Amino acid sequence: MKILQVNSSARAENSHSSRLAGAIVDRLRSANADAELVVRDLSQTPHPELNEAALQALFTPAEQRTAEQNARVAFDDVLIAEIQAADVVVLGVPMYNFGVPAQLKNWIDAIARARVTFHYTDKGPEGLLKGKKVYVALTRGGQYRNTPADTQVPYLKTVLAFLGMTDVQFMYAEGLAMGPQAEQDGLESAHLQIEEALAA
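Caption draft 1: Region of the structure containing the packing of aromatic side chains. On inspection of all chains with the given rule, the structure shows four aromatic pairs. When the centroid spacing of 5.4 Å and the interplanar angle of 75° are considered together, the rings of F98 and Y144 count as edge-to-face. In this pair, F98 is assigned in the loop between β3 (88-94) and α4 (102-111) and Y144 in the loop between β6 (133-139) and α5 (152-162), connecting sequence segments 46 residues apart. Here the aromatic cluster, defined as three or more aromatic residues joined through ring pairs, consists of F118, Y120 and F162.

Printed below as a string of structure tokens:
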């Protein structure tokens, strides 16, 4: 088993989402002693945004790219290779202003590449990152699960499915900014969800 853990919190330390993602990975590795782990921490190694220069590099044929353009495309290639190799993907995702962190959006923009991780057919788009299990540890200051304010889950379900990853399980730690007891309860609930999800 090859595991890719992606931490998207802006916090290098003391991140609840990164800790919960780590707890999922620990549970996976306890059941798979030979599992290989790659950790992509987007606070320590932030990925650049998809800007005009990056688009020009991506849409320039490889044999016509400048050295600078080749370097920019290669930067994305590393992330694509990581997720292509993974059997299991674990995402640590805090809620920032009702959405996913910019760091995670940059990572998604990097791995979503036409003719590499998805392509268009006469029946519509087809994701090419198939056969992977995805676990998502979500952390929120308030209570948003199953409400219209939760834009994260619909977005992540859509974009992951677009790339071929349809076996996705979400774990929620909510109420983390609503006082010490609510924080404790939210984290305990998330750990219980992790144990239940990975008990099999």
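Caption draft 2: Expanded view of the packing of helix α1 (residues 16-31) against helix α6 (residues 180-197). Remark: α1 packs on α6, axes separated minimally by 10 Å, with the N-to-C direction vectors making an angle of 25°. When the interaxial angle is binned, α1 and α6 end up roughly parallel. As α1 runs across α6, the sense of the crossing is right-handed. Here α1 contributes H16, L20, A23, I24 and R27 to the contact with α6, which in turn contributes E183, L187, A190, H191, I194 and E195.

Caption draft 3: Spotlight on the pairing of β3. Counting buried residues in β3 gives seven out of seven residues, a clear majority hidden from the surface. Residues V88, V90, G92 and P94 point to one face of β3 and V89, L91 and V93 to the other, with burial holding for every one of them. Sheet topology places strand β1 (residues 2-7) next to β3; five bridges connect them, and they run parallel. Counted as the bridge partner of N7 is G92 from β3.

Caption draft 4: Region of interest: the sheet that holds β6. An order of β2-β1-β3-β6-β7 is seen for the five strands of this open sheet, with the pairing classed as parallel. Looking along the sheet, the strands with just one partner apiece sit at the ends: β2 (36-41) and β7 (167-173). When the angles between neighbouring strand axes are averaged without regard to direction, this sheet yields 15°. With seven bridges connecting them, β6 and β7 associate as parallel partners. Note that in β7 the partner of A137 across the bridge is M171. The sheet strands contacting helix α3 (residues 67-85) are β1, β2 and β3, and the helix crosses β2 at an angle near 145°.

Caption draft 5: Fine view of a nonpolar patch on the surface. Taken together, the side chains of L50, L55 and F59 define a hydrophobic patch exposed on the protein surface, amounting to about 310 Å² of accessible area. Examined against the element boundaries, L55 turns out to sit in helix α2 (residues 52-59).

Caption draft 6: Spatial organisation of the side chain of D41. Examined against the element boundaries, D41 turns out to sit in strand β2. In this structure D41 is buried but unpaired, with R40 as the nearest side chain of opposite charge at 9.0 Å.

Caption draft 7: Region of interest: α6. Under the 1.5 Å per step criterion, the end-to-end length of α6 is 26 Å for 18 residues, consistent within 8% with the ideal 26 Å. Of all the residues in α6, the buried ones are G186, L187, A190, Q193 and I194. Angularly, the buried residues of α6 cover 115° about the axis, an arc narrow enough to put them on a single face. Every exposed residue of α6 that faces more than 90 degrees away from the buried side is listed here: P180 and E196.

Cut-offs used in this document
- Residues numbered from 1 in each chain as written.
- Predicted model: local features only at pLDDT ≥ 70, side-chain atom pairs only at ≥ 80, totals over all residues.
- Heavy atoms only, no water.
- Phe/Tyr/Trp six-rings, centres within 6.5 Å; stacked < 30°, edge-to-face > 60°.
- Helix = DSSP H or I, 4+ residues; strand = E, 2+ residues; numbered from the N terminus.
- Axes fitted to C-alpha atoms, helices over the stretch in contact; angles between N-to-C directions.
- Parallel < 35°, antiparallel > 145°, perpendicular 65-115°, else oblique.
- Left-handed = near helix turned anticlockwise from the far one by under 90°.
- Contact = heavy atoms within 4.5 Å.
- Buried < 20%, exposed > 50% of the residue type's maximum accessible area, 1.4 Å probe, protein only.
- Pairing = 2+ DSSP bridges.
- Patch = residues over 30% accessible without salt bridge, like charges linked within 9 Å, V, L, I, M, F, W, Y side chains within 5 Å.
- Areas by Shrake-Rupley, 256 points an atom, 1.4 Å probe, with all protein chains shown as cover.
- Salt bridge = Lys/Arg side-chain N within 4 Å of Asp/Glu carboxyl O.
- Lys, Arg positive; Asp, Glu negative; His and termini not counted.
- Expected span 1.5 Å × (residues − 1).
- Arc of directions from axis to C-beta.

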